[in-house]
Amino acid sequence: MSAGASDERGIRTGGRFHGRVAVVTGAGNGLGRGSALRLSQEGARVVVVDIDEAAARRTAAELPGEALAVAADVAVEDATERWDAAAVEAFGRVDLYHLNAGIFGTFAPLPDLTVEEFDRVQAVNVRGQFLGLRAAFRRFRAQGGGGAIVLTASIASLTGSADLLAYQTSKHATLGLLRGAAMYGGPLGVRVNAVAPGIVPTDLFAAAAGTVGGKNDMELRASTTPLRRAGTPADIAAVTAFLLSDDAAYMTGQVVSADGGASVVNTVRPSGGAGAWPAREHDQALYGTAVPSADTETSHE
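Going along each chain's sequence as written, the residues are numbered from 1 onward. Selection of residues for local features in this predicted model requires a pLDDT of at least 70, selection of side-chain atom pairs for listing and counting requires 80 or more, and totals for whole chains, interfaces and linings are taken over all residues. In computing side-chain properties, one takes all heavy atoms of the structure into account and sets aside hydrogens as well as water.

Named according to an unreviewed UniProt entry, the chain is Glucose 1-dehydrogenase originating from Actinacidiphila acididurans. UniProt positions are given in the numbering used here, feature names are shortened, and annotations may be inferred rather than shown by experiment. Recorded under Sequence similarities (unreviewed entry), the UniProt text for the chain is reproduced unchanged: "Belongs to the short-chain dehydrogenases/reductases (SDR) family."

Laid out in structure tokens, this is it:
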């Protein structure tokens, strides 16, 4: 069998993760499922963690290598300890973590965003990643060695927009967790990096399919990126696998954008400067018809 070929199960011979154990959170669907599949194909034994037990079991059953499904809410401390213990009971150790689980929250405008919704997003996207990081570092300490961790950040970690405030806040916080964990982990042989996906239409946004910014208009918005297409879970999984592998042995504390070039775009106008889109129509759709425009005379008396 030639190098790079796969066996009858679909596992690549000489895979980068042969003999290693990986945990992927939020692996029941979307980006997490894609990551679990890629890691399994490259030889890892994978612990599939998701709040949806049925989805976790489906993913685990689809993987070519050994896999374990664990139902857990990543925002709950006891649940995090449970999936960590289950991983060690099944496979003896953990070497790699992709802390991916997250929710987008609501598209509600800032004045209408509730404290409860804001806190719910932070609980999953920030506390969940903190708990996962802490569990990973505790596991590496118990094992007496290092390992690699990847956090799922976002294009929303790097830029701002007028909606998804709770989500943007959480993804900016991800970079704080990333940099602090990388600083702490470096001398211990623990590498921590993040992948920042751009527009990837997954089930995460399906519930808001009909909303501007939701799943239905993702393909259209992605067509304005330099690569002129939306991403796929496989695109993001490839970057995640690289960051977890020894090929990235001299990388830590880094945010790697996998976004079709969206993060380098200044505006939709090729020459830069002011945008070529209809600002008045955009503002009216977002804020209503009572938004003052630049040509509206404003009295300061």
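Engineer: What is the right way to read the overall build of the chain from this model?
Structural biologist: The numbering of helices and of strands both runs from the N terminus, where a helix is a DSSP run of H or I of at least 4 residues and a strand a run of E of at least 2. Secondary structure summary: the chain contains eight helices and seven strands in total. Here's how the labels work: a residue is buried when its accessible area is under 20% of the maximum for its type, exposed when over 50%, partly exposed in between, all with a 1.4 Å probe on protein chains only. Looking at the 301 residues of the chain, the share that counts as buried comes to 46%. Sequence separation of 24 or more characterises 64% of the internal contacts of the chain that already satisfy a separation of 6 or more. Accessible areas in this description were obtained via Shrake-Rupley with a 1.4 Å probe; residue shielding takes into account the shown protein chains only. Summing over all exposed atoms, the chain offers an accessible surface of approximately 15,000 Å²; the carbon and sulfur share of this is 54%. The contact criterion used throughout is that any non-hydrogen atoms of two residues lie within 4.5 Å.

Engineer: Teacher, can you tell me more about the packing of helix H3 (residues 77–91) against helix H4 (residues 115–143) here?
Structural biologist: When two helices pack together, you describe them by how their axes are tilted relative to each other and by the distance separating the axes. Interaxial distance between H3 and H4 falls to 10 Å at its minimum, and their mutual angle equals 40 degrees. What the angle tells us is that H3 and H4 run oblique. Where H3 crosses over H4, the handedness of that crossing is right-handed. Residues Glu 77, Thr 80, Glu 81, Trp 83, Asp 84 and Val 88 of H3 touch H4, and the partners they reach there are Leu 131, Gly 132, Arg 134, Ala 135, Arg 138 and Arg 139. Each axis is a line fitted through C-alpha atoms, taken for helices only over the stretch in contact, and angles between the N-to-C directions span 0 to 180 degrees. Between 65 and 115 degrees an angle is taken as roughly perpendicular, under 35 as roughly parallel, over 145 as roughly antiparallel, and anywhere else as oblique. Whether a crossing is left-handed or right-handed is set by the direction in which the near helix is turned from the far one by less than a right angle, anticlockwise for left-handed and clockwise for right-handed.

Engineer: It is not clear to me how helix H5 (residues 165–185) should be interpreted in this structure. Could you clarify?
Structural biologist: Helical geometry: 3.6 residues make up each α-helical turn, so side chains three or four residues apart lie on a common side. Between the first and last C-alpha of H5 there are 30 Å, a value that for 21 residues agrees with the 30 Å anticipated at 1.5 Å per step. Among the residues of H5, Ala 166, Tyr 167, Gln 168, Ser 170, Lys 171, Thr 174, Leu 175, Leu 177, Leu 178, Ala 181, Ala 182 and Gly 185 are the ones counted as buried. Check the buried side of H5 and you find it contacts H4, strand E5 (147–152), strand E6 (190–197) and strand E7 (255–258). Helix span, expected: 1.5 Å multiplied by one less than the number of residues in the helix.

Engineer: What is the right way to read the sheet that holds E7 from this model?
Structural biologist: What holds strands together in a sheet is hydrogen bonding between their backbones, with the strands either parallel or antiparallel. The strand order across the open sheet formed by seven strands is E3-E2-E1-E4-E5-E6-E7, and the pairing between neighbours is parallel. With one partner strand each, in any of the chains shown, strand E3 (67–71) and E7 form the two edges of the open sheet. Neighbour-to-neighbour, the strand axes of the sheet open up by a mean angle of 15 degrees, direction not taken into account. Following DSSP output, two strands are said to pair if at least two bridges run between them. In this sheet, E5 lies alongside strand E4 (residues 96–99) in parallel orientation, the contact comprising four bridges. Note on E5: the bridge partner recorded for Leu 96 is Ala 148. Against the sheet, H4 contacts E4, E5 and E6, and its axis sits at roughly 175 degrees relative to E5. Against the sheet, helix H7 (residues 233–244) contacts E4, E5, E6 and E7, and its axis sits at roughly 165 degrees relative to E6.

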